Amino acid sequence: MRDDELRALTGACAKCGTCRTVCTLYPERKAEISVARGKIALIDAALEGRDGNLDAVQEALSDCLLCGRCERACPNQVLVEEIIMKGRADVARKIGIPAWKQALFGKVMPSPRGRDAARAAASAAQKLFAKKIPTGSGLHYRFPEAFGLAGRTVPKLPARGFVESLKPGEAATGDVMLFVGCVFDHVFPKVGRASYESMKASGRSIAVFRDAACCGLPAMVSGDRESALRCAEENVRRLRAAEAEKIVFPCGSCLLMFKRNFFSLIPEKHPLREDAVRVSDRCEDYASFILETGVVSRLPDPPEGEKVGEIGYHDPCHLSGTLGKGAEAREVLEGAVGSGFAEMKGADLCCGYGGTFNVRDYDTSARIGENKVSLAAGGGTRRISTACSGCILQLRDMAARTDPSLEIVHIAELVAGALSRR
Amino acid sequence: MNEKVISALREIYGERLKTSLEDRICYSYDATGKEFLPDAVAYPLNAEEVRRTVLLANEHRFPVVPRGAGSGFSGGSLPVRGGVVLSTERMDRILSIDTENLVAVLEPGVVTETLKEEVKKKGLFYPPDPASLKFCTIGGNLAECAGGMCAVKYGVTRDYVLGLEAVLGTGELVRTGVSTVKGVVGYDLTRMLVGSEGTLGIITRATLRLVPLPEFAATLLAFFPTNEMGAKAVAGIVEERITPCAMELMDRTAVDCVRQSADLSLPDETGCALLIEVDGQEATVAREADRVEGACRRFGALEVRRAADAAGRDKLWALRRSISPAVRKVNPVKINEDIVVPRSRLAEMFAFLSGLAERKSLKIVNFGHAGDGNIHVNVMISGKDEDERRRAEEAVEEVFRKTVELGGTISGEHGIGIAKAPYMEMEVGPLGVSVMKRLKSCFDPNGILNPGKIFLEEAAVRR
């Protein structure tokens, strides 16, 4: 394995051990192989040809939530997320990517039609096999143990996605583009709808990005850079043509892709580089848009003294951590629910989802997640709001497992709710 | 190590024994950046497992290397001769915090900050504060006798150890020391083990002394035109009969590293910065801070900033904390030494260092715990230039000679490990080394524990 770029990145690690203090996974594993320092040593060994067992190296690199806490704590500013993702891709190039991921990332994710079909199929399958459980956030299905899904619960899939529910011609053009994201389009269309309706309150004309490709993050973190690049290129081309002033993201992970990971996939000499920079510069998070456009100042005063401090905010690692947008979300919340909002316990702890991590080691993912929601609930939080699709999927599952009355919502739903009181 | 040994180890550890290359690579390094691959890694949960491992090692003659968080700067936890790394990270329980006798009993894998936080909840204080306190372990701190910023007032790890439980190189489990403040029954085996770098015994339990938590603190940051003035101010503060809990000096080279940091805005003529913290009762703290400020001004401070609230103090500390990351930008490879000279010789040492850097055309950045005379001399090299590397090694040797000449010591808090083994005799002399070796053979006759450390002829010297 050879990768000079990657080698340059890992060379910045001084093996000091700071990453051990913040790693979400370290308390679970209590082993050096789980932390950034260990993984970087493994990548170096593979790059130097000292470790030829790439399956084992890939296994170690996959055992990471990519929460980025180590990167933010690192005194040498080692780009751990980029290193892990690049390492996974280099190894994947040698040992291959599982067929189901190839099909999902290469065929389904870049195409809007492919995703519609996939949701319809999944929705039908759900009704056949899974057991229904009502939760504070709506109906969930619990899969039987026999499916190898270990008691996981998933939200009831809707018959129609958010984009599909738009009337022909509705939100077709506008100065501001809403990038809904796969999950808020297909799994939680209510969030897509709430984002759209509340953004309209800005008085700006809002277009919904209908033919979006997946942001590409699931492929990227799985080491499938080719599919991730295809998603990125599709999105850049289509957004370049749309010429929106702003592109707004209700999901922090999608936004991370556009703000940061794009430039790993589309480097300096890439023909789309300039367009990618221009698109990226116009991208922003939902909360920032709501603040800038004065939507918050136009919200009616929240009802006094109702459910004081029962609504918390969960910091998505990518959005609050990597992109530093935690304060904006809180300001929006204070505007929307007033004294209903209070800092919840363990707000900045990772939810334990980690995308593909949740699939490969559900038990660990669930332990981290259950700990997160139990801590919040123990501190008096009854509703956890956040702004990332992965976190919402995980937190809903964790609430269904531990305390089904706990509600998990997107901040846009709270803003839309406040607007409806007008 | 052959299959028979591995399966015997597996009988002790089961799944907690790791032999895959990937797991071994992850225990091949520490903060020195050097790598030596162990044959196996085990995670013991109790002293009995450690004891059985050492007995097995005596039978089959393989090295046993204890390791805390692998954050050391001298290579103490590196398995230079292979063998089994015993990672104590899962022996991480605090067994008791006795608020009546001010004593804590704990396992070696407890992270230093965790102990500090837990005792703080009870209004108590465990003072040692190595820079790595957020991740380093008490076991590692004991084995290397870690120091830190507050050593000037509170001393180092050794000053807080009352008793230990350790597995000797023979596989015998020994309990040393006391759980009381006083105790003079026989030789002080406790202090023998502290700082022995895992070569005499593997610490499996520690009884530590605690003190009441100081209630208030004030931080001052003073800027001086020259190192000499800064160093004189240090002496001046001590002459005021004040013992600050931290007195951190950054010389011109260190100040230059962080000058660009936007939010710090140093006075233009700054050539040296001195950070002082005093702690104790509220009224005393305020009075002492006044006198420190006065002393700084008397010795020519350009400006003195002062804060007593947490946020303000944090802001002043930012300058000191920003040095380590900034130093990396000077050059990627850091040769990090931790010499100590008597406080009164600090100015002389700084002058020597600046001359040395010029003579050898090297980038040397100096900062450290001036209150106790401990200076971190960081020779920053590109790592690619052989001649530069040779000059750096010569410079390090000159620094050590000068240190000893000034009545100092070549390692204040990092330990000898493999990094400083070639220079030890320079300080302790041939007889000193010989006595140490005789002691070593008494604790570990078969040379099982952490071989290749401290002593030169065994050391694998590799920069």
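Residues numbered from 1 in each chain as written. Chains lettered and ligands numbered in written order. Predicted model: local features only at pLDDT ≥ 70, side-chain atom pairs only at ≥ 80, totals over all residues. Heavy atoms only, no water.

Description of the overall build of chain A
Part 1 of the argument: Broken down by element type, chain A carries 23 helices and ten strands.
Part 2 of the argument: Against the globule reference of 22 Å for 422 residues, chain A gives a C-alpha radius of gyration of 21 Å, in line with a compact fold.
Part 3 of the argument: Each principal axis of the C-alpha atoms in chain A carries an extent, and together these give about 65 × 50 × 45 Å.
Part 4 of the argument: The 422 residues of chain A split such that 59% are buried.
Part 5 of the argument: Excluding contacts between residues fewer than 6 apart, the proportion of contacts in chain A whose partners are at least 24 apart in sequence is 76%.
Part 6 of the argument: Carbon together with sulfur atoms contributes 53% to the accessible area of chain A, which is approximately 16200 Å² in total. (Helix = DSSP H or I, 4+ residues; strand = E, 2+ residues; numbered from the N terminus. Rg over C-alpha atoms; globule rule 2.2 N^0.38 Å. Buried < 20%, exposed > 50% of the residue type's maximum accessible area, 1.4 Å probe, protein only. Contact = heavy atoms within 4.5 Å. Areas by Shrake-Rupley, 256 points an atom, 1.4 Å probe, with all protein chains shown as cover.)

Looking at the pattern of salt bridges
For side chains bearing opposite charge, pairing can occur when the charged atoms are close.
Part 1 of the argument: Summed over all chains, the structure comprises 70 salt bridges over all chains.
Part 2 of the argument: A salt bridge links A:R240 to A:D275, with the shortest nitrogen-to-oxygen separation between them at 2.7 Å. Taken together, the residues A:R240 in helix α14 (residues 225-242) and A:D275 in helix α16 (residues 273-281) connect sequence positions 35 residues apart.
Part 3 of the argument: Taking the relative accessible area as the measure of exposure, A:R240 reaches 37% and is therefore partly exposed.
Part 4 of the argument: Close ionic contact of B:R175 with B:E165 constitutes a salt bridge, the shortest N to O distance being 3.5 Å. Here B:R175, found in strand β9 (residues 173-177), pairs with B:E165, found in strand β8 (residues 161-168); they are ten residues apart in sequence, far enough to count as distant.
Part 5 of the argument: According to the relative accessible area criterion, B:R175 is exposed, its value standing at 63%.
Part 6 of the argument: Among the charged side chains, a salt-bridge network with shared partners connects B:R359, B:K360, B:D387, B:R390, B:R391, B:E394 and B:E398. (Salt bridge = Lys/Arg side-chain N within 4 Å of Asp/Glu carboxyl O.)

Quick notes on the pairing of strand β3 (residues 64-67) of chain B
All names here are of chain B.
Part 1 of the argument: Covered by surrounding structure in β3 are V64 and P66 together with V65 and R67, the residues of both alternating faces.
Part 2 of the argument: Across four bridges, β3 lies against strand β4 (residues 84-87) in parallel orientation. Its bridge partner lying in β4, P66 is registered against L86. (Pairing = 2+ DSSP bridges.)

As for the domain arrangement of chain B
All names here are of chain B.
Part 1 of the argument: Under the domain assignment used here, chain B contains domain 1 (3-89), domain 2 (216-324) and domain 3 (329-405).
Part 2 of the argument: Averaged C-alpha coordinates put domain 2 and domain 3 at centres separated by 22 Å.
Part 3 of the argument: With 16 residues of domain 2 at the contact, the number on the domain 3 side is 13 residues.
Part 4 of the argument: Of the roughly 1200 Å² buried where domain 2 meets domain 3, counting both sides, 66% is carbon and sulfur surface.
Part 5 of the argument: At the junction of domain 2 with domain 3, the criterion picks out zero salt bridges.
Part 6 of the argument: There are seven residue pairs in polar contact (both at pLDDT 80 or more) connecting domain 2 and domain 3.
Part 7 of the argument: Among the elements of the structure, α8 (227-239), β13 (246-250), α9 (252-258) and α12 (323-327) are those that each provide at least two residues to the side of domain 2 that touches domain 3.
Part 8 of the argument: Counting residues per element, the side of domain 2 that touches domain 3 draws most heavily on α8, which supplies five residues.
Part 9 of the argument: For the side of domain 2 that touches domain 3, a count of residues per class yields nine nonpolar, three polar and four charged. (Domains from an automatic or database assignment. Buried area = accessible area lost by both parts, 1.4 Å probe. Polar contact = N/O pair within 3.5 Å; in protein donor to acceptor, adjacent residues only side chain to side chain. Nonpolar A, V, L, I, M, F, W, Y, C, P; charged D, E, K, R; others polar.)

Comments concerning helix α3 (residues 47-60) of chain B
Residues and elements named next belong to chain B.
Part 1 of the argument: For α3, which comprises 14 residues, the first-to-last C-alpha distance of 20 Å matches the rise-based estimate of 20 Å (1.5 Å per residue) to within 8%.
Part 2 of the argument: Along α3, the residues classified as buried are A47, E49, V50, T53, V54, L56, A57 and N58.
Part 3 of the argument: At its buried positions, α3 is contacted by α1 (3-13), β3, β4, β8, β9 and β10 (201-209).
Part 4 of the argument: Residue N46 occupies the N-cap position of α3, its side-chain oxygen lying 3.2 Å from the main-chain nitrogen of E48.
Part 5 of the argument: A positive backbone phi angle near 55 degrees is found at R61, which sits one or two residues after α3. (Expected span 1.5 Å × (residues − 1).)

Quick notes on the interface of chain A and chain B
Part 1 of the argument: Listed per partner, the contact involves 26 residues of chain A and 24 residues of chain B.
Part 2 of the argument: Between chain A and chain B the total buried area reaches about 2000 Å² when both faces are included, carbon and sulfur atoms providing 54% of it.
Part 3 of the argument: Linking chain A with chain B are four salt bridges, by the criterion used here.
Part 4 of the argument: B:R67 is paired through a salt bridge with A:E32; the nearest N and O atoms lie 3.7 Å apart.
Part 5 of the argument: There are eleven residue pairs in polar contact (both at pLDDT 80 or more) connecting chain A and chain B.

Quick look at the domain arrangement of chain A
Residue and element names in this part refer to chain A.
Part 1 of the argument: The assigned domain composition of chain A is domain 1 (4-95), domain 2 (104-290) and domain 3 (299-419).
Part 2 of the argument: When each unit is reduced to the centre of its C-alpha atoms, the spacing between domain 1 and domain 2 is 28 Å.
Part 3 of the argument: On the domain 2 side, the residues contacting the eleven residues of domain 1 number nine residues.
Part 4 of the argument: The tally of links between domain 1 and domain 2 comes to two salt bridges.
Part 5 of the argument: The closest approach of N and O atoms between E71 and R260, which form a salt bridge, is 2.4 Å.
Part 6 of the argument: Linking domain 1 with domain 2 are three residue pairs in polar contact (both at pLDDT 80 or more).
Part 7 of the argument: If you tally residues by element for the side of domain 1 that touches domain 2, the top one is helix α7 (residues 80-95), at eight residues.
Part 8 of the argument: Among the residues making up the side of domain 1 that touches domain 2, the classes are represented as five nonpolar, no polar and six charged.

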